[in-house]
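Listed here are the chains, written in short residue letters.
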Amino acid sequence: MATRRPPPVARVLERVTKTAREHEMFAPGDLVLVSVSGGPDSVCLLYSLWHLRRLFEIRLAVFHFDHRLREASAEDATYVRRLSTRLGLAGHLRGAEDAPPRGASVEAWASVARANAANDVRREIGASVVAEGHTLDDQAETVLLNLVRGTGLEGMTGIAPRLGASPGSSTVQPLIDIERSEIEAFCRALRLRPRVDPTNTDRRLLRNAIRLDVLPELERATGRNAKASIVRTAGLLREDRGELEAESARLYRAIVSEEGNRLAFDAEALAGLSRALAGRVVRLAAYRAMSGDWAAPWSRETIDAVVDLAAGRPGRKRDLPGGSRARRDRTHVVIER
């Protein structure tokens, strides 16, 4: 007879199963690289997928990245290595080779460095999926954080449950519908002892201030589960964003031509679009055709300048970031090196 799982464990596994199926996170035979920091969320993620590996017909490997920002970070790596061994999984540990530049966001630098290292390991071992441990709480915090930063619709949609093709090379968030309190209960039920990151209580970091002060006060003031409402709103906005992006891609194909380092926008067609769609078409050009040493993505001011050229008279010019220039000829707005 199968051992009955403690209720906190059963609830998390049921939710992970539902989320993974809803967003088609895994395909039979996938090798999943599980990103494990050693904290409660990632430990819960690892054990959840280990328990569900036969149900999903997946294989698991463990990834840990040492940012080397704290003296005790090497102990986190040791802890993750022991977890991997206990579960009979291959562990892949990597460490930062540089430090955040002066004035840069430490959180942003850490996120990019970790993601790049995970992608390197993914390619080395042939994994098709990277699984991360973001939770419903992380989702709500991210939406509020982006609201404060003024990031627009892209930021207000929060963390995508699945980013990238599936099956293939996707990044998935199996815990995205689970609250942090449920994850802590999961760990207690299995007598796990995750690592504790002391920087999580540093209110000088905006995300921590939102987590520790803003969200609790919002819930006290409103008398409701504000996190769930914020996350539900992000999901609705994500659907709207998907439609806008699909329409922007269609318009891009219709009015933009590419040739090497030269882009040409049909001026009349671009000027005839709404400001929202015109801006998205220009931004899409910045991402798709001006990556590398071209400046992408552009600021709102730069995007508006390109749209303004389309509506103006021929002969006008505008200097753009990265040493490029936009000019309006008789029929097109041309951007080139």
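Chains are numbered independently. Their residues run from 1 in the order of the written sequence. The predicted nature of this model means local features are confined to residues of pLDDT at least 70 and side-chain atom pairs, given and counted, to a pLDDT of 80 or more, with totals for whole chains, interfaces and linings taken over all residues. The basis for the side-chain values is all heavy atoms of the structure; hydrogens and waters are excluded.

Some details on the nonpolar core
In this structure, Phe-26, Val-32, Val-34, Leu-46, Leu-49 and Phe-186 are the most contacted members of the largest nonpolar core, which totals 35 residues. Secondary structure counts use DSSP, requiring at least four H or I residues in a row for a helix and at least two E residues in a row for a strand, with both numbered from the N terminus. Among the secondary structure elements, those contributing two or more residues to this core are helix 1 (7-22), strand 1 (31-35), helix 2 (40-56), strand 2 (59-66), helix 3 (73-86), strand 4 (129-131) and helix 7 (180-189). Core analysis: the second largest hydrophobic core is formed by 24 residues, Ala-267, Ala-278, Leu-320 and Ala-326 among them. Among buried residues, those of type Ala, Val, Leu, Ile, Met, Phe, Trp, Tyr and Cys that are joined through side-chain atoms within 4.5 Å constitute a nonpolar core. Partly exposed describes any residue whose relative accessible area lies between the buried limit of under 20% and the exposed limit of over 50%, with all areas from a 1.4 Å probe on protein chains only and scaled to the type maximum.

What about the pairing of strand 3 (residues 90-95)?
Direction of pairing for strand 2 relative to strand 3: parallel, over a ladder of 6 bridges. When the sheet's bridge partners are listed, Phe-65 is paired in strand 3 with Arg-94. Handedness of the crossover joining strand 2 and strand 3 through helix 3 is recorded here as right-handed. Strand pairing is assigned whenever DSSP identifies at least 2 bridges connecting the two strands. Crossover handedness is defined here as right-handed if the route from the first strand over the helix to the second strand goes clockwise, with the strands pointing away from the viewer.

A look at the packing of aromatic side chains
Classification of ring pairs uses Phe, Tyr and Trp, with its six-membered ring standing for Trp, and accepts pairs whose centres are within 6.5 Å; under 30 degrees between planes counts as stacked, over 60 as edge-to-face, and the remaining range as tilted. Summed over all chains, the structure comprises 1 aromatic pair. Between the aromatic rings of Phe-26 and Phe-56, the centroid separation amounts to 5.2 Å while the plane-to-plane angle is 45°, which identifies the pairing as tilted. A residue pair is termed long-range when its members are at least 10 positions apart, and Phe-26 in the loop between helix 1 and strand 1 and Phe-56 in helix 2 qualify at 30 residues. With respect to class, Phe-26 is no different from Phe-56; both count as buried. Here, over-ring charges are defined by two tests on the NZ atom of lysine or the CZ atom of arginine: distance to the ring centre within 6 Å, and angle to the ring normal within 35 degrees. Above the ring of Trp-50, the side-chain terminus of Arg-53 is found at 4.2 Å from the ring centroid.

Overview of the sheet that holds strand 4
On the basis of which strands lie adjacent, the open sheet formed by 6 strands has the order 3-2-1-4-6-5 and mixed pairing. Two strands close off the open sheet at either side, each with one partner strand: strand 3 and strand 5 (162-163). As judged from the 3 bridges shared by strand 4 and strand 6 (residues 170-172), these two strands associate in the parallel manner. Bridging from a neighbouring strand, Val-129 pairs with Ser-170 of strand 6. Between two residues, a contact is recorded if the distance between any of their heavy atoms is within 4.5 Å. Axis angles are defined between N-to-C directions and span 0 to 180 degrees, where every axis is a line fitted to C-alpha atoms and, for a helix, only to the segment in contact. Where helix 2 meets the sheet, it contacts strand 1, strand 2 and strand 4, and its direction lies at approximately 160° from that of strand 1. Relative to the sheet, helix 4 (residues 106-125) contacts strand 1, strand 2, strand 3, strand 4 and strand 6, its axis offset from that of strand 2 by approximately 145°.

Comments concerning the pattern of salt bridges
By salt bridge we mean one thing: a side-chain nitrogen of Lys or Arg within 4 Å of a carboxyl oxygen of Asp or Glu. Taken as a whole and judged by the stated rule, the model has 26 salt bridges. The shortest N-O distance in the salt bridge between Glu-75 and Arg-195 comes to 3.2 Å. Taken together, the positions of Glu-75 in helix 3 and Arg-195 in the loop between helix 7 and helix 8 (206-222) put the pair 120 residues apart, joining distant regions of the chain. For the salt bridge of Glu-179 with Lys-227, the shortest nitrogen-to-oxygen distance reads 3.5 Å. Linking Glu-179 in the loop between strand 6 and helix 7 with Lys-227 in helix 9 (residues 226-255), this pair joins segments that are 48 residues apart in sequence. Salt bridges sharing common partners tie together Asp-137, Asp-138, Glu-141, Glu-179, Arg-180, Arg-207, Arg-211 and Lys-227.

Section: the sheet that holds strand 7 (residues 256-259)
Read from one edge of the open sheet, 5 strands run 7-8-11-10-9, paired in antiparallel fashion. Edge strands, defined here as strands with exactly one partner in the open sheet, are strand 7 and strand 9 (317-319). Geometrically, the sheet is characterised by an average inter-axis angle of 15° between neighbouring strands, direction not taken into account. Packing against the sheet, helix 9 makes contact with strand 7 and strand 8 (262-266), and its axis sits at approximately 65° to strand 7.

Things to note about helix 4
An α-helical turn contains 3.6 residues, so a residue and the one three or four places further along point in the same direction. A helix's residues, less one, multiplied by 1.5 Å, set its expected span. With 20 residues, helix 4 should cover 28 Å at 1.5 Å per step; its first-to-last C-alpha distance of 29 Å lies within 8% of that length. What helix 4 keeps buried is the set Trp-109, Ala-110, Ala-113, Ala-117, Ala-118, Val-121 and Arg-122. At its buried positions, helix 4 is contacted by strand 1, strand 2, strand 3, strand 4 and strand 6.

A word on the packing of helix 5 (residues 136-149) against helix 8
In contact at an axis separation of 10 Å, helix 5 and helix 8 are set at 110° when each is read in the N-to-C sense. Relative to helix 8, the element helix 5 is oriented roughly perpendicular. Between helix 5 and helix 8, the contacting residues are Asp-138, Ala-140, Glu-141, Thr-142, Leu-144, Leu-145 and Val-148 on the first element and Leu-206, Arg-207, Ile-210, Arg-211, Val-214 and Leu-215 on the second. In this count, Pro and Cys sit with the nonpolar residues alongside Ala, Val, Leu, Ile, Met, Phe, Trp and Tyr, while Asp, Glu, Lys and Arg are called charged and the others, Gly among them, polar. Considered class by class, the residues forming the contact of helix 5 with helix 8 number 8 nonpolar, 1 polar and 4 charged. Every angle not falling under 35 degrees, over 145, or within 65 to 115 is termed oblique; those three ranges are roughly parallel, roughly antiparallel and roughly perpendicular.

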